[in-house]
Amino acid sequence: AQSVAQPEDQVNVAEGNPLTVKCTYSVSGNPYLFWYVQYPNRGLQFLLKYITGDNLVKGSYGFEAEFNKSQTSFHLKKPSALVSDSALYFCAVRDGPQKGNNNDMRFGAGTRLTVKP
Amino acid sequence: SAVISQKPSRDICQRGTSLTIQCQVDSQVTMMFWYRQQPGQSLTLIATANQGSEATYESGFVIDKFPISRPNLTFSTLTVSNMSPEDSSIYLCSVAPGRQNTEAFFGQGTRLTVV
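This structure is a prediction, so every number in the text was calculated from the model and none was measured.

With that out of the way, let us pick up the overall build of chain B. Across its full length, chain B holds zero helices and eleven strands. The C-alpha atoms of chain B give a radius of gyration of 13 Å, which matches the 13 Å a tight globule of 115 residues would have. Burial statistics for chain B: of 115 residues in total, 51% are counted as buried. Expressed as a percentage of contacts within chain B between residues at least 6 apart in sequence, the contacts between residues at least 24 apart total 52%. Within the structure as shown, chain B displays about 5,400 Å² of accessible surface, and the carbon and sulfur contribution to it stands at 47%.

In structure tokens:
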């Protein structure tokens, strides 16, 4: 069964510094990987996804993520953090298109990002 | 993309009662998913709701506690039955309108508090 792990409960960075939120995955076959952000009292917003192709994926709000097959990782990055980036970030995975796979998505535990002025 | 409307946005309920949460999508989708997010926690899949068949429940969730309806391709309901304070959570409806390589979309969630 597919799963993702987010090893850090909390990440703190100063505004203007680069940020990284870590995610590792475990799937059978080729993974479909996603990042979502959740602001307080809001639903989940899609940031970016990796399906195939270039390992560096660019998404919304200046975020990007790098797919690393050898390390089974999909870390979220941003070159220069903003205070408004402070939120809860979730990595998610869905199995590839093998026959019989459900279409559901499995989430990591979440990482709370705090960007300080 | 898909726009999902979820009702109610929040509710405070007495223990022992039931609450039905509605999820309306602006396009037809085959599968709809219901998640639970307990305070400060990640999302846990409750069940997958397919139109025309019974919902498929994940381990730890049962139909008697979380009955689901899926009368058509744009609507679903989740009922939280015989509630206890442990059911206090955010409940989220989700759809994945395309194939596995498309992102899922989420409603704003229903914040349930059981007292």
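After that view, the rundown keeps rolling.
Phi is mostly negative for residues that are not glycine, and the peptide bonds are mostly trans. Cis geometry is found at the peptide bond from Lys7 of chain B to Pro8 of chain B, where omega equals -10°. Counting through the fold element by element, Pro8 of chain B comes out in the loop between strand 1 (4–7) and strand 2 (10–13). Not every positive phi belongs to a glycine, and Tyr61 of chain A is a case in point at roughly 60°. Looking at the secondary structure, you find Tyr61 of chain A in the loop between strand 7 (56–58) and strand 8 (64–68). The backbone of Thr72 of chain A shows a phi angle near 45°, a positive value even though the residue is not glycine. Within the secondary structure, Thr72 of chain A is located in the loop between strand 8 and strand 9 (73–78). With a relative accessible area of 31%, Thr72 of chain A lands in the partly exposed category.

Time to look at the interface of chain A and chain B. Residue-level contacts link 26 residues of chain A with 23 residues of chain B. Where chain A packs against chain B, one counts two salt bridges. Across the pair Arg106 of chain A and Glu58 of chain B runs a salt bridge, and its minimum N-O distance is 3.1 Å. Along the contact surface separating chain A from chain B lie seven residue pairs in polar contact (both at pLDDT 80 or more). With four residues, the top contributor of residues to the side of chain A that touches chain B is strand 5 (residues 32–38) of chain A. Class assignment for the residues of the side of chain A that touches chain B results in twelve nonpolar, eight polar and six charged.

What follows concerns the sheet that holds strand 1 of chain B. Residues and elements named next belong to chain B. Spatially, the four strands line up as an open sheet ordered 1-3-8-7, and their pairing is antiparallel. A strand with exactly one partner marks an edge of an open sheet, and here the two such strands are strand 1 and strand 7 (68–72). Put simply, the sheet's adjacent strands are angled 15° from each other on average, direction ignored. In the sheet, strand 1 pairs with strand 3 (residues 19–25) via four bridges, with the strands oriented antiparallel.

Residue and element names in this part refer to chain B. A one-sided burial pattern is seen for strand 3, the buried positions being Leu19, Ile21, Cys23 and Val25 and the unburied ones Thr20, Gln22 and Gln24. Two elements, strand 3 and strand 8 (residues 75–80), share six bridges in a ladder whose sense is antiparallel. Of the residues in strand 8, the one forming a bridge with Thr20 is Thr79.

Each value, and the rule that gives it
Residues numbered from 1 in each chain as written. Chains lettered and ligands numbered in written order. Predicted model: local features only at pLDDT ≥ 70, side-chain atom pairs only at ≥ 80, totals over all residues. Heavy atoms only, no water. Helix = DSSP H or I, 4+ residues; strand = E, 2+ residues; numbered from the N terminus. Rg over C-alpha atoms; globule rule 2.2 N^0.38 Å. Buried < 20%, exposed > 50% of the residue type's maximum accessible area, 1.4 Å probe, protein only. Contact = heavy atoms within 4.5 Å. Areas by Shrake-Rupley, 256 points an atom, 1.4 Å probe, with all protein chains shown as cover. Salt bridge = Lys/Arg side-chain N within 4 Å of Asp/Glu carboxyl O. Polar contact = N/O pair within 3.5 Å; in protein donor to acceptor, adjacent residues only side chain to side chain. Nonpolar A, V, L, I, M, F, W, Y, C, P; charged D, E, K, R; others polar. Pairing = 2+ DSSP bridges. Axes fitted to C-alpha atoms, helices over the stretch in contact; angles between N-to-C directions.

By themselves, these are just geometric observations and shouldn't be taken as functional.
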